[in-house]
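Structure assessment
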Amino acid sequence: MKQSTLEAKPKVITLPSDQEASGRTLGEEEIALVADAIRSGTLTSTKGKYVKKLEDEFAALYGVKHCHAAASGSAALHCAIAAINPEPGDEIITTSITDMGALTPMVYQGAIPVFADVDPKTYNVTAETIAERISDRTKAIMVTHLFGNPCDMDPIMDLARKHGIKVIEDCAQAFLTEYKGRKVGAIGDIGCFSMQQGKHITTGEGGLVISNDDELARHVYLFVNKAWGYGDPKPDHYFAALNYRLTELQGAVAVAQLAKLEGVVDSRSTRAEELTRQLIGLPGIETPEILPGCTHTYWKYCVNVDPSVIEGGTVALGAFIRERGIACAPRYIQKPAYCCQVFSEQVTFGDSRWPFTLARPEAVDYSDENFQGTLQALAHVLVLPWNEKYESHHVDFIAEAIRDGVEQLAK
Ligand SMILES: *Cc1c(COP(=O)(O)O)cnc(C)c1O
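Computed from a predicted model, the values in this text were never measured in an experiment. (Residues numbered from 1 in each chain as written. Predicted model: local features only at pLDDT ≥ 70, side-chain atom pairs only at ≥ 80, totals over all residues. Heavy atoms only, no water.)

1. Regarding the site of the ligand
Here is the rule: The near set for a molecule or strand comprises every residue that places at least one heavy atom within 4 Å of it. Polar contacts, as used here, are pairs of N or O atoms within 3.5 Å; protein pairs need one atom able to donate a hydrogen and one able to accept it. Residues neighboring in sequence count only if both atoms are side-chain atoms. Accessible surface is estimated by sampling points in the Shrake-Rupley manner with a 1.4 Å probe; for residues, cover comes only from the protein chains shown. Strands here are runs of E lasting at least two residues and helices are runs of H or I lasting at least four, both read from the DSSP assignment and numbered beginning at the N terminus. Note on residue classes: Ala, Val, Leu, Ile, Met, Phe, Trp, Tyr, Cys and Pro are nonpolar, Asp, Glu, Lys and Arg are charged, and everything else, Gly too, is polar.
Residues in close proximity to the ligand total 13 residues, the closest being Gly 73, Ser 74, Asp 170, Ser 194 and Lys 199. Ser 74 is positioned with one of its side-chain polar atoms (N or O) 2.5 Å from an oxygen atom of the ligand. For the ligand, the accessible surface in isolation is 380 Å², of which the surrounding protein chains cover 92%. Take the shell around the ligand: its biggest share by element is three residues, from helix α3 (residues 73–84). Broken down by class, the residue content of the shell around the ligand amounts to two nonpolar, eight polar and three charged.

Shown next, in the form of structure tokens:
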């Protein structure tokens, strides 16, 4: 361990936070539209104008035929899985590092989540890791563009097309992320987004589903609306579905937020590039790895910490910068998704364990040797909070804390 060269105590500043006004773009525009929604007296999206406007504008932004809003990112993903319409016991290949909101909807639709390993450098699934898990029961692939960094979609789409399976993109962390000139979410068959408090834009809770496929989009629409065929000559409740509608209050906020999205992404990316420039070359630290021709939209900024260089690795460096007031997350979700009780003990409906009773043993084999990339990724990742309200002096503050931590902890 080296001695710190700092004489004075470093000054601590408070970073903008996405949990309150300091780190959100909510303002007079949202207030004006919410007030208008309230004055209209129509708060349901079945009759109001704001959710419709949101859906039209989001579809236009993504250049897709259809967009349907839903009550949360988890609801959006549930709609996507319902639209794929798996038979009980069908498998959906997904990632071992993601939000639970992407996974439990599979169980509700009777499908088996089959976890693929990730690339330890990008934290994303790849065509290679997905290919290892394909079986004759595979119905779909759900990729997560983790932290706003795109998966390598061309080989994934080739693999899916070769096997005749659908691709759902979880873009909850990846608004406006681009893969070789195309926006993620519009590359696979269905794209899903979240407007939860901590995402790029927010309505507190909320979600969006996009697709170019008329049939899938129709199924999504019905799944949001208790499968009631509004406007049909002989409407009925066609199948089992929930009420997953967004309210007009949220729709009004979302319309105002959407107008700010590009600015949010620009600001996050500009500041992230500043941090990268300051961290490059630090021993034991790797900055985000982005595929050529792609953009990262930085829901979070992750550094990869090499424990053979940094004493105590990500946990020690995380503790050091947290002392300086930077609320970081060493190891991100702490354990792979398949280690959560819902999967490890198959806790579902009553004591039935359904649908896992239908699973092939290999589909639910969570042995460490299948997940070397995942275990390495979680052991090394340090997730930094990131925000559109950061200014250069915030970035300098974070960079200084990391530099000082590395200096203290480098072996
Ligand atoms: C936030 C998130 C979700 C779930 O979205 P909610 O709006 O919280 O339900 C799903 N997947 C990923 C990758 C997320 O980050």
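2. Considerations on the pairing of strand β1 (residues 66–70)
Short version of the rule: Each residue's exposure class comes from its accessible area (1.4 Å probe, protein chains only) as a fraction of the maximum for that residue type: buried when under 20%, exposed when over 50%, partly exposed otherwise. A pair of strands counts as paired when DSSP detects no fewer than two bridges linking them.
Within β1, four of the five residues are buried, which leaves it mostly tucked inside the rest of the structure. Strand direction decides the pairing type here: β1 and strand β9 (residues 207–211), joined by five bridges, are antiparallel. Within β9, the residue paired with His 66 across the bridge is Ser 211.

3. Let's talk about a nonpolar patch on the surface
The following threshold applies: Patches in this entry comprise residues that are over 30% relatively accessible and not in a salt bridge; like charges within 9 Å are linked, as are nonpolar side chains (Val, Leu, Ile, Met, Phe, Trp, Tyr) within 5 Å. When a carboxyl oxygen of Asp or Glu lies within 4 Å of a side-chain nitrogen of Lys or Arg, that pair is called a salt bridge.
Together, Tyr 108, Phe 349, Trp 354 and Leu 358 make up an exposed nonpolar region whose accessible area comes to about 380 Å². One can find Phe 349 in the loop between α11 (341–344) and α12 (372–380). A relative accessible area of 33% places Phe 349 in the partly exposed class.

4. Describing the sheet that holds strand β4 (residues 138–144)
Threshold: Here, axes are lines fitted to C-alpha atoms. For helices the fit covers the stretch in contact, and angles between N-to-C directions go from 0 to 180 degrees. We call two residues contacting when some pair of their heavy atoms lies within 4.5 Å.
Taking strand neighbours across the sheet as the criterion, the seven strands line up as β1-β9-β8-β5-β4-β2-β3 in an open arrangement whose pairing is mixed. The open sheet has two edge strands, β1 and β3 (112–116), and neither has a second partner. On average, each strand axis in the sheet is inclined to that of its neighbour by 20 degrees, with strand direction left out of account. The sheet strands contacting helix α2 (residues 50–62) are β1, β8 (190–194) and β9, and the helix crosses β1 at an angle near 135 degrees. The sheet strands contacting α3 are β1, β2 (91–95), β4, β5 (166–170), β8 and β9, and the helix crosses β8 at an angle near 165 degrees.

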